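Now for the letters of each chain:
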Amino acid sequence: MEDTKRDIRALTKEELRSFFEANGDKAFRGNQVYEWLWNKGLHRFEDMTNLPKATREMLEAHFAINHIKVDVMQRSDDGTIKNAVRLHDGLLVESVLIPTENRTTACVSSQVGCSLNCSFCATARLKRMRNLLPDEIFDQVKVIDDQSKMFFGRPLSNIVFMGMGEPLMNYNNVLKAIDKITSEEGLGMSAKRITVSTSGVPKLIKKMADDGVKFKLAVSLHSAIDEVRTSIMPFNTQFPLSELREALSHWYQKTKNRITYEYVVWKGINDQKKDVDALIKFCKFAPSKVNLIEYNPIDDGNFQQAAAESLTMYQTMLEDAGITVTVRRSRGKDIDAACGQLANKAAKE
């Protein structure tokens, strides 16, 4: 049965201090509890060893800690780890640890399912159940940090919001989670090592810029031609490329941070010279980088990886135009952990 007690991690440090004062205890107990929750990532009141037993029992009576649990952990042949993460209400999301020689990246989810409807993505086929709370996002990062130390002997170095969901459709909770992750009272990670990837919600990209965020921005673009983009990302009719470009221009003017475009090339969809010409034109208004991503099939055969010659054409034309480009090989394909493959198969099994 679901615990009806309030999740203590919904309280600010000031609210925790006030709670202790109102219950006849010292305000500094709030600081101690806050540190246990966010700096040490503790999940049980009884483990808060610098609190008197009576204080821990009082917390137990009033609050819950609705932490996530790793339901299934899968390890890929290439070292990638995928976690099927069970939330306190029984719903599942997935997160991924991606190791390379000199870094470990956490790919985290921001929604159960997704608000958008990209036809090439397995997650988009799931019904959007709800947004993740800040502590549920934080917990995914803490779990992967622990796994990185355990399996690779080093802490987590980077975080990408490229898991399940559209992060900007859960704007407030994503920013609160990042505040906790980057705070010295939390995990103390640098915001420059965090990338939020969006399919492109212009109004919220502008809001991020105006809010002065310090993390990096990536945009899942996949085509710089409206008709083509709409055919694979139907929400493009609501947020056309002209509006996206205007928002990204605003982002660059405010932050001076270059924009990364995530871009998959598919056979017969966006593998022609005109597609590259349009992409080059789109990239020119602000410093940018293009990640050409290997496509990971999601079983239905409607989308197929473009020929190697098409990727070479993209790479050559972009470089000739002075645009930084990398070809990103997918990791964790054998456990359905690669880009676009997160679909909660564990829940179905």
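Quick caveat: nothing in here was measured; it's all calculated off a predicted structure. All residue numbers here refer to positions counted from 1 along the written sequence of the relevant chain. Under the rules for a predicted model, residues below a pLDDT of 70 receive no local features and side-chain atom pairs below 80 are neither given nor counted, while totals for whole chains, interfaces and linings still include all residues. To obtain the side-chain values, all non-hydrogen atoms of the structure were used and water was disregarded.

**Observations concerning the nonpolar core**
Right, so step 1: Buried residues of nine kinds, namely Ala, Val, Leu, Ile, Met, Phe, Trp, Tyr and Cys, make up a nonpolar core once their side-chain atoms join them within 4.5 Å. Type-normalised accessible area, obtained with a 1.4 Å probe on protein chains alone, sets the label of each residue: buried when under 20%, exposed when over 50%, and partly exposed for intermediate values. Grouped together as the largest cluster of nonpolar side chains are 97 residues, with contacts concentrated most on Met48, Leu59, Ile159 and Val290.
Right, so step 2: Here a residue-residue contact requires only that any non-hydrogen atoms of the pair lie within 4.5 Å. When sequence neighbours within four positions are dropped, the list of residues in contact with isoleucine 159 reads Ala106, Val108, Val141, Ile181, Met189, Arg193, Ile194 and Thr195.

**Structural notes on the UniProt feature "binding site: [4Fe-4S] cluster" (unreviewed entry) in the protein chain**
Right, so step 1: Under the UniProt annotation, the feature "binding site: [4Fe-4S] cluster" (unreviewed entry) is placed at Cys114, Cys118 and Cys121.
Right, so step 2: Put simply, DSSP H or I for four residues or longer makes a helix, DSSP E for two residues or longer makes a strand, and each gets a number counted from the N terminus. Relative to the helices and strands, cysteine 114 resides in the loop between β7 (111-112) and β8 (130-131).
Right, so step 3: Residue class for cysteine 114 comes out buried when judged on its relative accessible area of 15%.
Right, so step 4: In this structure, cysteine 121 sits in the loop between β7 and β8. UniProt positions are given in the numbering used here, feature names are shortened, and annotations may be inferred rather than shown by experiment.

**Remarks on the sheet that holds strand β12 (residues 259-264)**
Right, so step 1: Strands sit in the order β3-β4-β5-β6-β9-β10-β11-β12-β13-β14 across an open sheet of 10 strands; the sheet is mixed. Strand pairing shows two members of the sheet lacking a second neighbour, β3 (69-75) and β14 (324-328), which therefore form its edges. Mean inter-strand twist for the sheet, computed between neighbouring axes without regard to direction, equals 20°.
Right, so step 2: Axes here mean lines fitted to C-alpha atoms, for a helix over just the part in contact, with angles spanning 0 to 180 degrees between N-to-C directions. Across the sheet, helix α4 (residues 134-152) is in contact with β3, β4 (81-86), β5 (92-99), β6 (104-107) and β9 (158-161); its angle to β5 comes to roughly 40°.
Right, so step 3: Lying on the sheet, helix α8 (residues 241-255) is in contact with β11 (216-220) and β12; it crosses β11 at an angle near 165°. Each pair of strands is called paired provided DSSP finds at least two bridges between the two strands.

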